[in-house]
Amino acid sequence: MTDPRLEVLPGGTHLIANADGVVIVVAHRADIAATAESPAGQTMTALLGLVREAGAEVQRRTGRIFARLATTWLMNLDNEDQVEFAVITPSADGVALFLHGAVTAVLEGSDRSEVLHGRDAGFTVDRVVIPAPDIGVGLFVDEDGVSEAVLPGRGVAGLDAGIAPGAGAVLWFGAPASDRAPAAPKRASRLRKSEDAGVGVGGSPMPSSDVRVGQPVGLRKGVGGAEVGGGADAGPIAESGEPEFDTDTLVPNVPIPVPVRTGGVVPVVLPEGGGVIVRGFMCSRQHLNDPRVSFCAVCGIRMDQLTCVLTEGVRPPLGLLMLDDGTSFVLDDDIVLGREPEHAAAVARGARPIRLPDRSGGMSRAHAEIRLVEWDVTVVDQGSANGTYIRMPGHQEWIRAMPNHPATLAAGSQILLGGRVLTFDSQHSQF
């Protein structure tokens with residue numbers, strides 16, 4: 001992979017940053033310039049702090065540590081649905097992409113392209129692409145529901161370090177568009193809700209586009225009944241070892257905004273929409289936790305520093321279900337997975353249906369249910385014709401689940417439904 005060059009696209013007020021090669025684009029939907037006190041400015045400050053924090057943890061970057069920190073940070077925001085950003089983390093052999101909100105990434109190679117939309121995911125798009133596309137990767141903010149589908153011609157507005165306003169950003173790896181030999185028919189420059197997201201020219205996926213597995217990620221309410229695109233004929237996902245990341249001291253050491261509670265003990269307030277009441281331990285910052293864990297899942301404080309008294313409160317989300325196409329869904333309620341899960345009995349009782357397209361032909365209409373029991377996440381095969389298979393962390397073999405009997409999942413467990421692989425991850429792991 002050649003040395004990348006970041007170009008800031010002119011004509012916009014969005015914020016673009018280059019933090020030692022890590023590219024950040026934050027949406028600023030206003031005609032006036034963003035300031036440090038504006039929501040976009042505060043978001044950029046927080047993300048730069050996360051880049052620095054990720055770089056302090058490991059020596060060789062892959063983007064995984066940043067993804068974990070960013071999603072945990074999002075989970076603690078009261079207005080996370082209003083935060084929109086995209087990040088490119090180049091590595092020695094590829095790029096990592098992290099998208100949240102109405103933002104789009106365009107990956108363009110000499111023979112194929114891929115378009116990823118942050119708004120299509122239940123929470124975030126978190127993708128590793130190996131090798132990196134040989135032309136470039138662009139990050140754009142969707143405007144009025146319209147998103148970019150191709151990279152523009154290469155310009156001259158580079159950004160070696162720091163923050164600048166712009167309409168978007170392109171990290172170029174190869175020759176400018178004017179120097180390329182034509183390899184594919186010209187496509188429309190813009191489209192609405194692209195149906196070929198995640199698919200290359202001619203229907204081919206980008207090479208070696210790997211979904212990352214491992215580090216706990218943050219949470220957000222998913223989209224009920226949302227159809228998940230791509231990822232057909234997926235096989236089991238192999239974990240590639242400890243996540244690594246690297247960054248330099250070019251980024252200032254800025255604090256990450258976190259909610260601050262004062263005035264002693266804060267009582268649990270039930271949300272208007274209700275919630276499941278469970279018993280757990282409160283950390284000193286009033287985060288309710290699984291009584292079996294040693295550290296707070298939100299702030300990381302040691303739980304054994306407190307007098308552990310069981311307290312009733314609204315159960316927080318128990319983790320994230322990550323699909324093999326990079327889409328993820330928060331586990332804050334029961335879920336039914338399948339080809340056409342909308343009419344399942346569990347959905348009538350309040351479970352959320354998630355439709356999974358599958359070209360293998362092995363997916364049942366209502367294939368399996370993800371059922372939350374107290375602090376545990378379980379999977380229940382719904383009597384599917386081809387079965388539900390589970391692979392526990394650290395094991396190679398797949399075990400077929402007994403129909404209609406719940407099987408408890410540990411963080412990092414994988415589920416095989418037809419030709420689709422799903423991974424359960426949780427910040428509530430027992431450690």
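All values derive from a computational prediction rather than experimental measurement.

Definitions and cut-offs
- Residues numbered from 1 in each chain as written.
- Predicted model: local features only at pLDDT ≥ 70, side-chain atom pairs only at ≥ 80, totals over all residues.
- Heavy atoms only, no water.
- Core = buried A, V, L, I, M, F, W, Y, C linked by side-chain atoms within 4.5 Å.
- Buried < 20%, exposed > 50% of the residue type's maximum accessible area, 1.4 Å probe, protein only.
- Helix = DSSP H or I, 4+ residues; strand = E, 2+ residues; numbered from the N terminus.
- Expected span 1.5 Å × (residues − 1).
- Contact = heavy atoms within 4.5 Å.
- Pairing = 2+ DSSP bridges.
- Disulfide = S-S within 2.5 Å.
- Salt bridge = Lys/Arg side-chain N within 4 Å of Asp/Glu carboxyl O.

### Some thoughts on the nonpolar core
- In terms of nonpolar packing, the biggest core is built from 30 residues, with Ile 24, Phe 66, Trp 73 and Phe 85 touching the most fellow members.
- Elements represented by at least two residues in this core include exactly β1 (5-19), β2 (22-26), α1 (39-57), α2 (64-75), β3 (85-90) and β16 (320-323).
- A per-element tally of this core places α1 first, with eight residues.
- Counting 27 residues, the second largest nonpolar core, distinct from the first, contains Ile 88, Val 103, Ala 121 and Leu 171.

### Thoughts on α1
- With 19 residues, α1 extends 27 Å from end C-alpha to end C-alpha; this agrees with the ideal 27 Å at 1.5 Å per step.
- For α1, the set of buried residues is Ala 40, Gly 41, Thr 43, Met 44, Ala 46, Leu 47, Leu 48, Gly 49, Leu 50, Val 51, Ala 54 and Gly 55.
- Taken together, the buried residues of α1 touch β1, β2, α2, β3 and β10 (162-172).

### Some words on the sheet that holds strand β23 (residues 399-400)
- Pairing is antiparallel in the open sheet, where six strands are placed in the order β17-β16-β26-β25-β22-β23. On the outer flanks of this sheet lie β17 (328-330) and β23, each paired with one strand and no other.
- Pairing analysis gives three bridges linking β16 to β17, with the strands arranged antiparallel. Bridged to Met 322 within β17 is Ser 328.

### Points about the state of the cysteines
- Taken as a whole and assessed by the stated rule, the structure comprises zero disulfides.
- Its sulfur unpaired, Cys 283 is 3.7 Å from the next cysteine sulfur, which belongs to Cys 296.
- What makes Cys 283 buried here is its relative accessible area of 2%.
- When its relative accessible area of 3% is taken as the criterion, Cys 296 is described as buried.

### Some points on the pairing of β1
- Examined bridge by bridge, β1 and β10 share 10 bridges and lie antiparallel to one another. Paired with Ile 16 across the two strands is Ala 164, which belongs to β10.
- The pairing of β1 with β2 spans five bridges and is classified as antiparallel. When the sheet's bridge partners are listed, Ala 17 is paired in β2 with Ile 24.
- In textbook terms, the turn of a hairpin is the stretch between consecutive antiparallel strands, and for β1 and β2 this stretch comprises two residues, one of which, Asp 20, has a positive phi near 55 degrees.

### Description of the pattern of salt bridges
- Within the structure shown, the criterion is met by 13 salt bridges.
- Where Arg 420 meets Asp 325, a salt bridge forms, and the shortest distance between an N and an O atom there is 3.9 Å. In this pair, Arg 420 sits in strand β26 (residues 420-425) while Asp 325 sits in the loop between β16 and β17, placing the two residues 95 residues apart along the sequence.
- Residue classification places Asp 325 among the buried positions, given a relative accessible area of 8%.
- Taking the shortest distance from any N to any O, the salt bridge between Asp 332 and Arg 352 comes out at 3.0 Å. Of this pair, Asp 332 sits in the loop between β17 and β18 (335-338) while Arg 352 sits in strand β19 (residues 352-355); the two residues are 20 residues apart in sequence, bridging distant segments of the chain.
- Residue class for Asp 332 comes out partly exposed when judged on its relative accessible area of 28%.
- Judged by its relative accessible area of 10%, Arg 352 falls in the buried class.
- One salt-bridge network, in which partners are shared between bridges, spans Arg 29, Glu 84 and Glu 143.

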